[in-house]
Amino acid sequence: MYANRPRIKVALEPMDMILESITAALLVILWVYALISYTSLPEIVPTHVNLTGEVDGTGNKTTIWFLLGISTLITIGMYVLTKFPHIHNYMVKITEDNAAHNYQLSSRMLRIVNFLTLLLLAYVCYSIIQQAQGNDFFLKSALMYIIIAYSVMMPIVLIVFMLKNQKAPKSK
């Protein structure tokens, strides 16, 4: 399936570099925040909150490292996947003529998904730490709105990029 697709290196545009830089910075900030906050956390931290923001699950504070590990694994995995656009799924047949255009859009879409996914996971980690420290001033209503916004934004982003993907490549 992928064997017939051209394997070309797609140059990073400024927007791609910005997305990758912001995503990497957010991941570093998340780790630094967790490292700084870890010693002040109680042994038992919230691991789950219901829709009203009430804690309905708790666990050991080492749970934070599991969440950070999963966040890092997902972020790095999607970053690596952007380097191999010839294995992505496309709604059009990939040819020599349209490969650069489609690979660029697909890689950009994946960078956006990577950033938004990390943003959501960072918010969850931040919320757990804040809740464990007794600070729930923003968390009770905001988490639900963030999840709803994320759930609405992702399909819109995907649809916009799929529609762009079907257009003919730009002539240079």
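Check the entry above for the structure.
Residues numbered from 1 in each chain as written. Predicted model: local features only at pLDDT ≥ 70, side-chain atom pairs only at ≥ 80, totals over all residues. Heavy atoms only, no water.

Q: Hey, could you run me through the packing of aromatic side chains in this one?
A: To describe a pair of aromatic rings, one takes the distance between the centres and the angle between the planes. This model, assessed by the stated rule, comprises four aromatic pairs. Members of the aromatic cluster, connected to one another through ring pairs, are Trp31, Tyr38 and Trp65. Residue placement shows Lys61 over the ring face of Tyr38; its charged tip is 4.5 Å from the ring centre. (Phe/Tyr/Trp six-rings, centres within 6.5 Å; stacked < 30°, edge-to-face > 60°. Lys NZ or Arg CZ within 6 Å of the ring centre and 35° of its normal.)

Q: Help me understand the side chain of Thr72 in this model?
A: When you line up the elements, Thr72 lands in helix α2 (residues 63-82). Look past the residues within four positions of Thr72 in its chain and what remains in contact with it is Leu27 and Trp31. (Helix = DSSP H or I, 4+ residues; strand = E, 2+ residues; numbered from the N terminus. Contact = heavy atoms within 4.5 Å.)

Q: Even after reading the chapter, I still don't get the pattern of salt bridges, so can you show me in this structure?
A: Pairing of side chains with opposite charge becomes possible as their charged atoms draw close. Across all of its chains, the model carries six salt bridges by this definition. As a salt-bridge pair, Arg111 and Asp16 come within 3.5 Å of each other at their nearest N and O atoms. Here Arg111 is found in helix α3 (residues 99-132), whereas its partner Asp16 is found in helix α1 (residues 14-38), with 95 residues between them in sequence. Taken as a pair, Arg111 and Asp16 share a single burial class, namely buried. Here Arg111 and Glu20 are joined by a salt bridge, their closest N and O atoms 2.7 Å apart. With a gap of 91 residues between them, Arg111 in helix α3 and Glu20 in helix α1 connect regions that are remote in the sequence. For the pair formed by Arg111 and Glu20, the shared burial category is buried. Several salt bridges converge on common partners, so that one network encompasses Glu13, Asp16, Glu20, Lys83, Arg108 and Arg111. (Salt bridge = Lys/Arg side-chain N within 4 Å of Asp/Glu carboxyl O. Buried < 20%, exposed > 50% of the residue type's maximum accessible area, 1.4 Å probe, protein only.)

Q: For this particular structure, what's the right way to read the environment of Thr75?
A: Relative to the helices and strands, Thr75 resides in helix α2. Note on Thr75: relative accessible area 7%, which makes it buried. The spatial distance from the C-alpha of Thr75 to the C-alpha of Thr23 is 8.1 Å, given a sequence separation of 52 residues. Not counting residues within four places of it along the chain, the set of residues in contact with Thr75 comprises Thr23, Leu27, Asn114 and Leu118.

Q: When you look at α2 in this model, what are you seeing that I'm missing?
A: With 20 residues, α2 should cover 28 Å at 1.5 Å per step; its first-to-last C-alpha distance of 29 Å lies within 8% of that length. Structurally, α2 contributes buried residues whose contacts are with α1 and α3. (Expected span 1.5 Å × (residues − 1).)

Q: For this particular structure, what's the right way to read the environment of Asn102?
A: Locating Asn102 in the fold gives a position in helix α3. Placed 92 residues apart in sequence, Asn102 and Val10 show a C-alpha to C-alpha distance of 9.9 Å.

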